[in-house]
Amino acid sequence: MIKQLKDNWKLFLLASLTLGLAPFNPPHILGKIQWILGGSAFSGEQAMQAKDWFDVLLHGSPWLLLIISIVLNLFALKTKNDLK
C-alpha cells in the first residue's frame, strides 16, 4: 500500500489538477476551504450539509494523496542519502 502511494505520484498530480480543481474558474475546492476556515461551515443558516462535505472529500482527496506521496518520496530520498 505504501509503495503504491509512493509510486503513483503522477496519477495523483493529474487527479489533483483535474478533479481537484474542477470547476476551474474559480477552483471549487478553494471556495469550500474558505467556507470551512470562515467558521460558518459548522453553524448558522449557511452551514455545510452532507453534500457539501462529500464535495470537500471528492475534490480534496486527490490533493491529500498527492501530499502523502510527496512526503513518502522525500522520506525515501532522505533515507537513501543517509545510507550513503
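Notes on the structure in this doc start here. (Residues numbered from 1 in each chain as written. Predicted model: local features only at pLDDT ≥ 70, side-chain atom pairs only at ≥ 80, totals over all residues. Heavy atoms only, no water.)

## Side note on the overall build of the protein chain
(1) Moving on: Helix and strand counts for the protein chain come out as four helices and zero strands.
(2) Moving on: In sequence order, the protein chain lays out its α and β elements as α-α-α-α.
(3) Moving on: In summary, the protein chain has a C-alpha radius of gyration of 16 Å against a globular reference of 12 Å for 84 residues, an excess of more than 25%.
(4) Moving on: Considering only C-alpha atoms, the protein chain reaches an extent of 60 × 25 × 20 Å along its principal axes.
(5) Moving on: Counting over 84 residues, the protein chain shows a buried share of 19%.
(6) Moving on: Contacts in the protein chain between residues at least 24 apart in sequence constitute 57% of all its contacts with a sequence separation of at least 6.
(7) Moving on: Counting only carbon and sulfur atoms, one obtains 70% of the accessible surface of the protein chain, whose full area is about 6400 Å². (Helix = DSSP H or I, 4+ residues; strand = E, 2+ residues; numbered from the N terminus. Rg over C-alpha atoms; globule rule 2.2 N^0.38 Å. Buried < 20%, exposed > 50% of the residue type's maximum accessible area, 1.4 Å probe, protein only. Contact = heavy atoms within 4.5 Å. Areas by Shrake-Rupley, 256 points an atom, 1.4 Å probe, with all protein chains shown as cover.)

## Some thoughts on the environment of Ala47
(1) Moving on: Among the secondary structure elements, Ala47 is positioned in the loop between helix H3 (28-37) and helix H4 (50-83).
(2) Moving on: What makes Ala47 partly exposed here is its relative accessible area of 22%.
(3) Moving on: For the pair Ala47 and Trp35, spaced 12 residues apart in sequence, the C-alpha to C-alpha distance is 9.0 Å.
(4) Moving on: If we ignore the near neighbours within four places in the chain, the residues touching Ala47 are Trp35, Ser40, Ala41 and Phe42.

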